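Each chain, letter by letter, is given below.
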Amino acid sequence: MNNDLIYMVPIDVIRDDRLSMWQIKVLIALFSFRDGMTRTYYPSLGRLADRVGMRQHVVQHVIDSLVDLGWLVPVDGKKNWEEKAYELVVPDLEVLHDE
């Protein structure tokens, strides 16, 4: 991996007080796999775990929590990271804070 790469992420990633450091790391890593033309991400669980320096089962737990928080939506309703992609959705934080 090239250490000189810079990844742009929505400012809401750092504004969402619900996110843990692990969740932020996984979101940033997901953006690093973005092809620029879509909001759907296809890295394998192993590649994602390598990128963030976590074990695969930890990354899967973080992915599941990001789905619960509304940051990721499984494509076609499947939740197995190895088989399916996830679409990144930036939650409307103003609505969340009003609830």
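The structure under discussion appears in the preceding block.
Read on for an overview of the structure. In this text the structure is predicted, and so the values were computed from the model without any measurement. (Residues numbered from 1 in each chain as written. Predicted model: local features only at pLDDT ≥ 70, side-chain atom pairs only at ≥ 80, totals over all residues. Heavy atoms only, no water.)

A look at the overall build of the chain
Then, in step 1: Across its full length, the chain carries five helices and three strands.
Then, in step 2: If you list the helices and strands of the chain from N to C, you get α-α-β-α-α-β-β-α.
Then, in step 3: Going through the 99 residues of the chain one by one, you find that 38% of them count as buried.
Then, in step 4: Sequence-distant contacts, at least 24 apart, represent 48% of the contacts inside the chain between residues at least 6 apart. (Helix = DSSP H or I, 4+ residues; strand = E, 2+ residues; numbered from the N terminus. Buried < 20%, exposed > 50% of the residue type's maximum accessible area, 1.4 Å probe, protein only. Contact = heavy atoms within 4.5 Å.)

Some remarks on helix α3 (residues 45-52)
Residues spaced three or four apart along an α-helix face the same direction, because each turn holds 3.6 residues.
Then, in step 1: Along α3, the residues classified as buried are L45, G46, L48, A49 and V52. The arc that holds every buried residue of α3, seen down its axis, measures 165°, which confines them to one face.
Then, in step 2: Of the surrounding elements, those touching the buried residues of α3 are α2 (21-32) and α4 (56-68).
Then, in step 3: Positioned one or two residues after α3, G53 has a phi angle of 75°, which is positive. (Arc of directions from axis to C-beta.)

Observations concerning the pattern of salt bridges
Then, in step 1: Counted according to the given criterion, the structure contains one salt bridge.
Then, in step 2: A salt bridge links R18 to D16; the nearest nitrogen and oxygen atoms lie 2.7 Å apart. (Salt bridge = Lys/Arg side-chain N within 4 Å of Asp/Glu carboxyl O.)

Quick word on the nonpolar core
Then, in step 1: V26, L48, V59, I63, L66 and L72 are the most contacted members of the largest nonpolar core, which totals 25 residues.
Then, in step 2: If we skip the residues at most four places from it in the chain, V59 touches L45, L48, A49, V52 and M54. (Core = buried A, V, L, I, M, F, W, Y, C linked by side-chain atoms within 4.5 Å.)

What about the packing of α2 against α4?
Then, in step 1: Viewed as axis vectors pointing N to C, α2 and α4 meet at an angle of 90°, and their least axial separation amounts to 10 Å. Classified by the angle their axes make, α2 and α4 are roughly perpendicular. Contacts between α2 and α4 involve W22, Q23, V26, L27 and L30 on the former and, on the latter, V58, V62, I63, S65 and L66.
Then, in step 2: The residue inventory of the contact of α2 with α4, partitioned by class, reads eight nonpolar, two polar and no charged. (Axes fitted to C-alpha atoms, helices over the stretch in contact; angles between N-to-C directions. Parallel < 35°, antiparallel > 145°, perpendicular 65-115°, else oblique. Nonpolar A, V, L, I, M, F, W, Y, C, P; charged D, E, K, R; others polar.)

As for the sheet that holds strand β1 (residues 40-41)
Two modes of strand pairing occur in sheets, parallel and antiparallel, and in both the strands are linked by backbone hydrogen bonds.
Then, in step 1: Overall, antiparallel pairing links the three strands, which are arranged β1-β3-β2 in an open sheet. Looking along the sheet, the strands with just one partner apiece sit at the ends: β1 and β2 (72-74).
Then, in step 2: Relative to strand β3 (residues 86-88), β1 is paired through two bridges, and the arrangement is antiparallel. Within β3, the position partnered with Y41 by the bridge is Y86. (Pairing = 2+ DSSP bridges.)

Such coordinate-based values are descriptive only and should not be taken to indicate function.
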